[in-house]
Every structure is written in structure tokens, then in C-alpha cells.
Amino acid sequence: MHYITPDLCDAYPERVQVVEPMFSNFGGRDSFGGEIVTLKCFEDNSLVREQAEQPGHGKVLVVDGGGSLRCALLGDMIAEKAAKNGWEGMVIFGCVRDVDVLAQTDLGVQALASHPLKTEKRGLGDLNKVVTFGGVTFKPGEFIYADNNGIIVSPSALKMPD
């Protein structure tokens, strides 16, 4: 499904929240959307890998990495696992790496920046907790839509207007 966030904002102005413009598109999909699954982790992508290995059809992984610009929470191997398992995309409040490969992967990826350093693997993080960044609160089970215009969140699924 192709989403256009300005059209969704126009069609559902009372239902959407707009994330502050700080993210860039790194994935092979220009637009993506789906049910929110949240993950809170700081400079440790162990749980990002675990979630990428789970079935993700119709879902978007929203990763609150604390906005760290010191290492990458997503790289090519995890992104390829996520794409293989049907994830629609990932929104990373932090960095990614292997950006040339990410751009060729069938996965939506929005993140703050790229960084070549990998994270430590300590197995730390929280799954499906409410997280807040970019002026928006992300709740598991709500819906997120992203394209090159920005990222929006809605309490329920939205249909593209005709």
C-alpha cells in the first residue's frame, strides 16, 4: 500500500498527530504504514534483532533509541530479516548503518541519521511500552504512516482518500 501523509492529514485532521520533522528516509520503500509495535532501547539493538525475527505483516516497529547519535540501532542484516518476515517498516529514534543496502531493502526505514558503529549487545530494552519522542506519544496497537513528507500517528487505521 502506498501512503501519502499530506493526503491523510487533509482527510483526517482531527485524528492524526504529526511527528516533528527530524527523520530521513533510508529504506527501500518510499512510504509505509501499519500497526505500531514499540521498543525502547539505548545503544543496544538486541531486541531490534529479536523483533525483526518475528512475523511483522501489517506492522511497523517504532524504536525509541533515546535519540542517540553514537551508534546504529539498525543495519543491513536486521533490516533484511525484517523484510523477509513481512514488516512494513521501522521508525528509529536513533541511527542506522549500511545505508546503501538499506535503500535496496524492501522495508520502510526512517531514522535520525547514519552512523557506522554497531551497538553493544546486552539484551536490554522494553517491548510494547508507550514511548514519546518527536512531540508524539506512540502507543502499541495504534497506527503510524510515513513517507518522504513526514510521519503521522493515528489511534486507528486510516484509509487513503480517493
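Rules used throughout
- Residues numbered from 1 in each chain as written.
- Predicted model: local features only at pLDDT ≥ 70, side-chain atom pairs only at ≥ 80, totals over all residues.
- Heavy atoms only, no water.
- Helix = DSSP H or I, 4+ residues; strand = E, 2+ residues; numbered from the N terminus.
- Buried < 20%, exposed > 50% of the residue type's maximum accessible area, 1.4 Å probe, protein only.
- Contact = heavy atoms within 4.5 Å.
- Areas by Shrake-Rupley, 256 points an atom, 1.4 Å probe, with all protein chains shown as cover.
- Phe/Tyr/Trp six-rings, centres within 6.5 Å; stacked < 30°, edge-to-face > 60°.
- 1 Å grid on protein atoms, 1.4 Å probe; cavity = no way out; pocket = protein on both sides within 12 Å on 5 of 7 lines; lining within 4 Å.
- Points joined across faces, edges and corners; volume = space filled by probe spheres on them.
- Nonpolar A, V, L, I, M, F, W, Y, C, P; charged D, E, K, R; others polar.
- UniProt positions renumbered as here; feature names shortened; annotations may be inferred.
- Pairing = 2+ DSSP bridges.

Engineer: Got a sec to walk through the overall build of the protein chain? Specific residues and values, please.
Structural biologist: The helix and strand tally for the protein chain stands at four helices and twelve strands. Viewed in the frame of its principal axes, the protein chain has a C-alpha envelope of about 45 × 30 × 25 Å. The buried share of the protein chain, taken over its 162 residues, is 48%. Nonlocal contacts in the protein chain, meaning residues at least 24 apart in sequence, comprise 75% of its contacts between residues at least 6 apart. Surface accessibility of the protein chain: about 7,600 Å² in total, with carbon and sulfur atoms responsible for 49%.

Engineer: Give me the lowdown on the packing of aromatic side chains, citing residues and values where you can.
Structural biologist: Scanning the model with the defined rule gives five aromatic pairs in all. Relative to F133, the ring of F23 has its centre 6.0 Å away and its plane inclined at 50 degrees; by these criteria the two rings are tilted. Residue F23 is located in the loop between β1 (17–18) and β2 (24–25), and its partner F133 is located in strand β9 (residues 131–133); the two are separated by 110 residues in the primary sequence. Since its relative accessible area comes to 15%, F23 is described here as buried. Both rings, one in F93 and one in F133, keep their centres 4.6 Å apart while their planes meet at 0 degrees; by these two values the pair is stacked. With F93 in strand β6 (residues 89–96) and F133 in strand β9, this residue pair connects regions lying 40 residues apart in the sequence. Each member of the pair, F93 as well as F133, is classed as buried.

Engineer: Break down empty space enclosed by the protein for me, with residues and values.
Structural biologist: In total, this model carries one cavity of 30 Å³ or more according to the counting rule given. In this structure, the largest cavity encloses a volume near 30 Å³. If you go around the largest cavity, the residues you meet are E43, G65, S68, C71, L73, G94 and C95. Taken together, the residues of the lining of the largest cavity break down into three nonpolar, three polar and one charged.

Engineer: Outline the UniProt feature "binding site: Mg(2+)" (unreviewed entry) in the protein chain, listing residues and values.
Structural biologist: UniProt tags D98 as "binding site: Mg(2+)" (unreviewed entry). Exposure remark for D98: the relative accessible area of 30% places this residue in the partly exposed category. In contact with D98, not counting residues within four places along its chain, are G75 and D76.

Engineer: So what about the UniProt feature "binding site: substrate" (unreviewed entry) in the protein chain? Which residues, and what values?
Structural biologist: The residues that UniProt annotates with the feature "binding site: substrate" (unreviewed entry) are G75, D76, M77, I78 and R97. Taking the farthest pair of C-alpha atoms as the criterion, the annotated set spanning 23 residues converges on one region, since that pair is 10.7 Å apart. The subset of these annotated residues that lines the second largest pocket comprises G75, D76, M77, I78 and R97. As for its placement among the helices and strands, D76 is situated in helix α3 (residues 76–84). Leaving out residues up to four positions away in the same chain, D76 has contacts with R97, D98, V101 and L102. According to the relative accessible area criterion, I78 is buried, its value standing at 4%.

Engineer: Give a description of the pairing of strand β11 (residues 143–147) that names residues and reports values.
Structural biologist: For β11, the buried fraction is high: five of the five residues fall into the buried class. Side chains F143, Y145 and D147 of β11 all project onto a buried face; the interleaved residues I144 and A146 project onto the opposite face, where all are buried too. As defined by bridge partners, strand β3 (residues 32–40) adjoins β11 across four bridges and the pair is classed as antiparallel. Each residue of the ladder has a partner; that of G33, found in β11, is Y145. Pairing of β11 with strand β12 (residues 150–154) involves five bridges; the strand directions are antiparallel. Counted as the bridge partner of D147 is G150 from β12. Here β11 hands over to β12 after two residues, the two strands then running antiparallel side by side.

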